[in-house]
Every structure is written in structure tokens, then in C-alpha cells.
Amino acid sequence: MSNNKNEMSEEDYLKRHLGDVESSKKTNIPSSFSDLVEPQAVESNRTTDLQYLSFDVKDFPCGKFYPVGTMFMIRPAQVREIQAYSMVDDKNIYDVVEKMNDMLMSCVRIKYSDGRMGSYLDVKDQDRIYLVFLIRELTFQQGNSLSVNATCDCGQELAVELKRENFRFHDIDPKLDRYFSPSTGSFVFKTVNGKEYEITPPTIGLQKAFTDYIIKENAEKKSPNLSFLKIIPFMLNGRTSITYDGIKAKLDEFQNMDDISFQFLNAAVDKMTFGIQKLAKKCTCGEEVHTDMQFPNGASGIFVVHDAFEAYLKE
Ligand SMILES: [Zn+2]
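The present account deals with the structure reproduced in this document. (Residues numbered from 1 in each chain as written. Predicted model: local features only at pLDDT ≥ 70, side-chain atom pairs only at ≥ 80, totals over all residues. Heavy atoms only, no water.)

## Considerations on the overall build of the protein
Phase 1 of the analysis: When you go through the protein residue by residue, the secondary structure sums to nine helices and 12 strands.
Phase 2 of the analysis: In the protein, buried positions account for 47% of the 315 residues.
Phase 3 of the analysis: Once local pairs closer than 6 in sequence are excluded, the contacts in the protein between residues at least 24 apart make up 71%.
Phase 4 of the analysis: About 15900 Å² of surface is accessible on the protein, with carbon and sulfur atoms providing 50% of the total. (Helix = DSSP H or I, 4+ residues; strand = E, 2+ residues; numbered from the N terminus. Buried < 20%, exposed > 50% of the residue type's maximum accessible area, 1.4 Å probe, protein only. Contact = heavy atoms within 4.5 Å. Areas by Shrake-Rupley, 256 points an atom, 1.4 Å probe, with all protein chains shown as cover.)

Written out as C-alpha cells, the structure reads:
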């Protein structure tokens, strides 16, 4: 598809919108996983795979943005889900996100403290990768570790596994703390122009709705408003969907916004980077070695065993 007057392709728009998959770089927040509900050993026997294990959201990168007492029920991936995932196009960020979403759709249920159940559509967009790796951990309990090599200052080479205990999350700007409302799971800000704004990371449901919108706009040779796409998904707390017309109405509001509000919201959303920032592991010398979050062997490598031919061929 060529769009002559738009300098950005559909993939470029999607990359911006789905940016959290690609990069994770900022500062360090050591987080404790010590009180995580440890998964019980799941046998490789496929009949036991539908067993869901409970996880407390407070250990997730966006944990504070779910209602208090929310639990995630997560199970290992089954062969047919791994088969579907294995066809992911590593070069197509839209496909990577879709395949990850499909994996969450199969393996994740949400249980709210009032007994209501939720789906992957309620998951915060920036928790996606963390959950994909959690499913991976449950799926490959007999080894099959995915790791990144790093060198400690002492000269020791370390393999840092991509697993929960080695994940370090993005830090939340401490300036934001006093504006956080635990009852709504969002930040509430009053601005000097007399406005009040509520901001919270968007859900996967919203992310999908905006992705569909970008695709539709591109198909009609229209350039989506990037600044709108950056900011508005953070202003829809409590929602897991929005219609095309709903997005159009929001766009109208956005374009008629006063300058102070826009500048404020733009800066506030810049502070909303969560998720896995990097990997860390303690070296035998006692120092902690850090390395960038990355997908060794691409996004497909999360569930596709890289050297399966050699590993599983009987000599
Ligand atoms: Zn060392």
C-alpha cells in the first residue's frame, strides 16, 4: 500500500501506537517478587495444562492501576496456542502484538474482588509483555530458558534469563505519587486553567480499538493525528473499548482543546512509561549486572524453541 502524501506508512503509525513492544529504556526500580504466588510444578502432561494459577496484580508493572484485590488466573500455553504463535512475523509489530494478545486471550482470566470475571481486554497494555513471559515461565518449566548474555565489571560472563525475578520495571516518577487515586486506579490532576484530568494506562481492549482506527484511517488515505493517538488512550479510564465514532468524537474534543491543557496532558503522558525496563542478575562477585530488555531470537523465540532441531533430534 502506498500513500503518496503521507510520509508515514501504516506500519509507522502502528509502531508509534504499539511502541511499548519495541523499546523499554529508562531508570531502575528494583521490585520484590519474593511474595509472588509461586507456581506449582505443572507436569508436561497436557491434560493438566488447563490448570490456572493465581497471581496478585501488585507484582505486575501496572499493578497499582487495577482495582484493589484483583487477581490474575493464568495457565500455561497449550500446543495449539504455541503453534498459532509460532507463525508470528517478527518484522511486523502489528502481528507481534496481535499474536501476544491471542496468547493472553487464551491463557489469562481476571478475577475482581467483587467476584466479577474479566478477560485479556481488561489487561493494561503495558503489562502485555510481562504476562507473555509469565505464561512462558509456566509453559516451559523444564528448562528451555531464554537468556541474554552480559558481562559483569569483574569480567565474569553471565546468562541473564528472561524471567520474572530478573525483570526490572520502569520507575514511576515520584512527583506523581500524590496525585494517584487508589479508588479509581488513576492519576487525577487539576491544572492552572481550572480543568481536571484523569489519566491511567490504557487497556488492551482500547489499544485494539485504536489500532483498528489507525488501519481504517490508513485505508482511507487519511493521516491519523499522532498527538491524539499518544494522549487520548490514557484518558479513558475504566474502558475496554471505544467505537470508531467514539474515537472521532474524542478527536474533535482533542482538536478544540486549549493550549495549556494540551501542553499539560502531553507532558503527563510522557511520564506514563511502565512495563519491563531491563534485566538484572546478581553476579558471583556480588555486583548486579544489568542489560537491556530484548527478545533473543525475536518475538517468535518467546515460544518457539530456537534449536529444537538439534535439541530434539535423536542421534
Ligand atoms: Zn561480577
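## A short note on the nonpolar core
Phase 1 of the analysis: Membership of the largest hydrophobic core comes to 84 residues, with the highest contact counts inside it found for F72, I74, V123 and F303.
Phase 2 of the analysis: Among the elements that make up this core, the one with the highest residue count is helix α4 (residues 128–139) (eight residues).
Phase 3 of the analysis: Once residues within four sequence positions are removed from consideration, I74 is found in contact with Q51, Y52, L53, F55, F60, C107, V108, L131, L134, I135 and L138. (Core = buried A, V, L, I, M, F, W, Y, C linked by side-chain atoms within 4.5 Å.)

## Regarding helix α5 (residues 204–219)
Phase 1 of the analysis: Taking 1.5 Å of rise per residue, the 16 residues of α5 would be expected to cover 22 Å, and the 22 Å separating its terminal C-alpha atoms lies within 8% of that figure.
Phase 2 of the analysis: Most of α5 sits out of view: 12 of its 16 residues are buried.
Phase 3 of the analysis: Taken together, the buried positions of α5 are I204, G205, L206, Q207, K208, A209, F210, T211, Y213, I214, E217 and N218.
Phase 4 of the analysis: Of the residues flanking the end of α5, it is K221, one or two places downstream, whose phi is positive at about 60°. (Expected span 1.5 Å × (residues − 1).)

## Structural notes on the pairing of strand β2 (residues 71–74)
Successive side chains on a regular strand alternate, one facing one side of the sheet and the next facing the other.
Phase 1 of the analysis: Here strand β1 (residues 53–56) pairs with β2 via four bridges, running antiparallel. When the bridges of β2 are listed, D56 appears paired with M71.
Phase 2 of the analysis: Note that β2 and strand β3 (residues 108–111) share four bridges and pair antiparallel. Of the residues in β3, the one forming a bridge with M71 is K111. (Pairing = 2+ DSSP bridges.)

## Quick word on the sheet that holds strand β12 (residues 288–292)
Strand pairing in a sheet relies on backbone hydrogen bonds. The paired strands run either parallel or antiparallel.
Phase 1 of the analysis: Here we have three strands laid out as an open sheet, ordered β7-β11-β12, and antiparallel in their pairing. The open sheet is flanked by β7 (167–169) and β12, the only strands paired with a single partner. On average, adjacent strands in this sheet sit at an angle of 40° to one another, irrespective of strand direction.
Phase 2 of the analysis: Relative to β12, strand β11 (residues 276–282) is paired through five bridges, and the arrangement is antiparallel. Its bridge partner being in β12, A280 is matched across the sheet by H290. (Axes fitted to C-alpha atoms, helices over the stretch in contact; angles between N-to-C directions.)

## Here we look at the coordination of the zinc ion
Note on metal sites: the ideal angle is 109.5 degrees for four tetrahedral donors, and 90 or 180 degrees for six octahedral donors.
Phase 1 of the analysis: For the zinc ion, the full set of protein donor atoms is C152 (SG), C154 (SG), C283 (SG) and C285 (SG), and the range of their distances to it is 2.3 to 2.4 Å.
Phase 2 of the analysis: For the zinc ion, the four donor atoms in the first shell make angles of 106 to 113° at the metal, a pattern classed as tetrahedral.
Phase 3 of the analysis: Along the chain, the residues donating to the zinc ion are arranged with the sequence spacing C-x1-C-x128-C-x1-C. Taken together, the residues span a long stretch of sequence, with C152 in the loop between β5 (147–151) and β6 (157–161) and C283 in the loop between β11 and β12 at a distance of 131 residues.
Phase 4 of the analysis: Among the residues examined, C152 registers a relative accessible area of 6% and is labelled buried. (Donors = N, O, S within 2.8 Å, 3.2 Å for Na, K, Ca; no water. Tetrahedral: all angles 85-135°; square planar, octahedral: opposite > 155°, others 65-115°.)

## Quick notes on helix α8 (residues 259–270)
Phase 1 of the analysis: The terminal C-alpha atoms of α8 lie 17 Å apart, and with 12 residues this matches the ideal 16 Å at 1.5 Å per residue to within 8%.
Phase 2 of the analysis: Among the residues making up α8, those that are buried are S261, L265, A268 and V269. Considered in projection along α8, the buried side chains sweep an arc of 95° and stay on one side of the axis.
Phase 3 of the analysis: In this fold, the buried residues of α8 make contact with β10 (196–199) and α6 (226–231).
Phase 4 of the analysis: Here α8 starts with a cap whose side-chain oxygen sits 3.2 Å from the backbone nitrogen of I260, and that cap is D258. (Arc of directions from axis to C-beta. Polar contact = N/O pair within 3.5 Å; in protein donor to acceptor, adjacent residues only side chain to side chain.)

## Description of the packing of helix α3 (residues 93–107) against α4
Phase 1 of the analysis: At a minimum axis distance of 10 Å, the contact between α3 and α4 shows a crossing angle of 60°. Relative to α4, the element α3 is oriented oblique. In this structure, the crossing between α3 and α4 has a hand that is left-handed. For the pair α3 and α4, the contacting residues are V97, M100, N101, M103, L104 and C107 in the first and R128, I129, L131, V132 and I135 in the second.
Phase 2 of the analysis: Per-class residue counts for the contact of α3 with α4 are nine nonpolar, one polar and one charged. (Parallel < 35°, antiparallel > 145°, perpendicular 65-115°, else oblique. Left-handed = near helix turned anticlockwise from the far one by under 90°. Nonpolar A, V, L, I, M, F, W, Y, C, P; charged D, E, K, R; others polar.)

## What about the pattern of salt bridges?
Phase 1 of the analysis: Following the criterion strictly, the structure yields 17 salt bridges and no others.
Phase 2 of the analysis: With its nearest N and O atoms 2.9 Å apart, the salt bridge here joins D95 to K99. Remark: K99 and D95 occur in helix α3; sequence separation between them is four residues, near one turn of the helix.
Phase 3 of the analysis: Here D95 falls in the buried class, since its relative accessible area comes to 15%.
Phase 4 of the analysis: Taking relative accessible area as the criterion, K99 reaches 18% and is therefore assigned buried. (Salt bridge = Lys/Arg side-chain N within 4 Å of Asp/Glu carboxyl O.)

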